[in-house]
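Chain by chain, the residues run as shown.
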Amino acid sequence: MKASIHACGRFLLGFTLALGAVAAHAQAAATSVDVLHWWTSSSERRAADQLANQLALAGVQWKDAAIPGGGGMAAVKVLKSRVLMGDPPDVAQLIGTTLTDWADIKLVLPLNAVAQRQRWQSALFPTVLDLVTYKGDVIAAPLGIHRINTLLYNRRLFARLGMAPPRSWAQFEVAAQKLQQLGVRPLAWSDEPWQIATVFETLLLGEAGPALYQDLVVRRHAAAWMDPHVERALVRLRLLRTLAGEVPQERVWTEGARDLMNDATGMMIMGDWAKGELMAWGASPTRDFGCVEVPGTGGMHLYSIDTLAMLVSPRQHEAVQEKIAEVVVGPAAQLAYNRIKGSVPVRRDIDPSSLDGCARQSWETFANPSSARAPSLAHRMAADENIKDAVAQALWRYLTDAKSEPQETQRRLATIIRTPVMER
Ligand code: BGC
């Protein structure tokens, strides 16, 4: 990845110089910007439209370049090829470690001036500002914080069973059995590798606890992957998959959410973008579904933070790009966008009482200094694209080959997850 990104960089810088004159002309006329992202489900689309509306008020026209595909697998590839072709978008949904890869080769516009003017230092959560700060530069505009360790449950089905949502795995197993007796699939499941990795990292955090999770995922100590807590998370992962009923399939994440909405499934473990989706379809978090922390992860926040990066572009839209960063991080856009997206504002100065119950719990947990905040591996917060993909593949192999033993997968994960070469 790094090598090809460097090739992209050399090409693009040459291209940028060559087009300098053209760009100067274009800058005067254009306020329309090309935005590459992967938000294509109902709620994602609406959330992106909300940003576009906020930007339109500031005189910036959002030209949409959405690439479908949950988790952004396809979008990241398209971005790379567009950069290689000398046609980078002006703005891209670049998150976590992918950001720093592009920043390393100077393809990301620093936003230090905006950050200073808008006092991001005091307005944003330190974890958020830290994530978008690299080698002293602020390199992206943060949009919202998703919580991965979210268990969504169907309120109607739980009411019919006379049960409260599970707070422990023992309660989860009782609920699963009762849902099965009702003829309902207890847990939404998909064999899509990124979805498997999303469930796994939640189980891992719950089994290992925050300190060991840091060791495994952030400090990436290979030996730690042989710990029995990792084995326990793998065993539980397999157990949860058996609740899918018939042979599990690769389904897009919205299908699981749809089953939860239609009373065909009792529970779903997914980032809270699934909550946004249910709400976009008209479901209410007080009437139709609820969310609790995945058992074992109480008081912990496994996060994925969406961010927009401004790319150095032959079209040179710097002033407009800075305006975009200012608008999307501003309080009005933050509340409007996150309410639809399912995530929570990256700002600490909002009023949490204006959020729905799931969001309030997420925001308050993230804001609480004594909570454990853990970066998501499956959503690029802790390791690069290659490591993330290799982990997801190893987990997929483990689950789809009944003969594969947890220890074998632990060894594989230990090899994949190497110590970071460059610490921040
Ligand atoms: C992104 C979310 C998105 C989800 C599903 C995650 O990686 O952070 O914004 O909704 O993928 O596509």
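Only a predicted model underlies this, so the values are computations on that prediction, with no experimental measurement involved. (Residues numbered from 1 in each chain as written. Predicted model: local features only at pLDDT ≥ 70, side-chain atom pairs only at ≥ 80, totals over all residues. Heavy atoms only, no water.)

Caption draft 1: Geometry of unusual backbone geometry. Of note, the phi angle at K106 is positive, near 60°, even though the residue is not glycine. Within the fold, K106 resides in the loop between α5 (97-104) and α6 (112-117). A residue is classified by how much of its surface remains accessible, and K106, at 60% relative accessible area, is exposed. Positive phi, normally seen in glycine, also occurs at R220, with a value near 50°. Secondary-structure assignment places R220 in the loop between α11 (193-218) and α12 (228-242). Take R220: its relative accessible area is 9%, and that puts it in the buried class. (Helix = DSSP H or I, 4+ residues; strand = E, 2+ residues; numbered from the N terminus. Buried < 20%, exposed > 50% of the residue type's maximum accessible area, 1.4 Å probe, protein only.)

Caption draft 2: Structural detail: the state of the cysteines. In total, this model carries 1 disulfide according to the counting rule given. Linked covalently through their sulfurs, C291 and C358 form a disulfide whose S-S length is 1.8 Å. In this pair, C291 sits in strand β10 (residues 289-293) while C358 sits in helix α17 (residues 357-367), placing the two residues 67 residues apart along the sequence. With respect to burial, C291 and C358 carry one shared label: buried. (Disulfide = S-S within 2.5 Å.)

Caption draft 3: A look at the site of the ligand. Near the ligand you find W38, W39, E44, G70, G71, H146, W253, W273, S304, D306, K341 and H379, and these make up its full shell. E44 has a polar side-chain atom sitting 2.5 Å from an oxygen atom of the ligand. D306 places a side-chain nitrogen or oxygen 2.6 Å from an oxygen atom of the ligand. Protein contact buries 100% of the 310 Å² of open area that the ligand shows by itself. Grouping the constituent residues of the shell around the ligand by class yields 4 nonpolar, 5 polar and 3 charged. (Near = heavy atom within 4 Å. Polar contact = N/O pair within 3.5 Å; in protein donor to acceptor, adjacent residues only side chain to side chain. Areas by Shrake-Rupley, 256 points an atom, 1.4 Å probe, with all protein chains shown as cover. Nonpolar A, V, L, I, M, F, W, Y, C, P; charged D, E, K, R; others polar.)

Caption draft 4: Representation of the packing of aromatic side chains within the structure. Using the criterion set out here, one finds 7 aromatic pairs in the structure. Grouping aromatic residues by their ring pairs yields a cluster made of F125, Y303, W363 and F366. Looking at R258, its charged tip hangs above the ring of W281, at a distance of 3.7 Å from the centre. Positioned above the aromatic ring of F366 is the side chain of R373, whose terminal nitrogen or guanidinium carbon lies 5.8 Å from the ring centre. (Phe/Tyr/Trp six-rings, centres within 6.5 Å; stacked < 30°, edge-to-face > 60°. Lys NZ or Arg CZ within 6 Å of the ring centre and 35° of its normal.)

Caption draft 5: Representation of the sheet that holds strand β7 (residues 150-154) in the model. Strand order in the open sheet formed by 4 strands is β8-β9-β7-β10, and the pairing between neighbours is mixed. The sheet is open, and its two borders are formed by β8 (185-187) and β10, each paired with just one other strand. Taken over all neighbouring pairs, the strand axes of this sheet differ in orientation by 20° on average, direction set aside. Across 3 bridges, the pairing between β7 and strand β9 (residues 265-269) is antiparallel. (Pairing = 2+ DSSP bridges. Axes fitted to C-alpha atoms, helices over the stretch in contact; angles between N-to-C directions.)

Caption draft 6: Inspection of the nonpolar core at higher detail. Counting 74 residues, the largest nonpolar core has W225 and L240 as its most contacted members. Counting residues per element, this core draws most heavily on α11, which supplies 13 residues. Those residues in contact with L240 that lie beyond four places of it in its chain are W169, F172, L187, W189, V199, L203 and I269. Judged by nonpolar contacts, the second largest core, of 66 residues, contains V91, I105, I324 and A359. (Core = buried A, V, L, I, M, F, W, Y, C linked by side-chain atoms within 4.5 Å. Contact = heavy atoms within 4.5 Å.)

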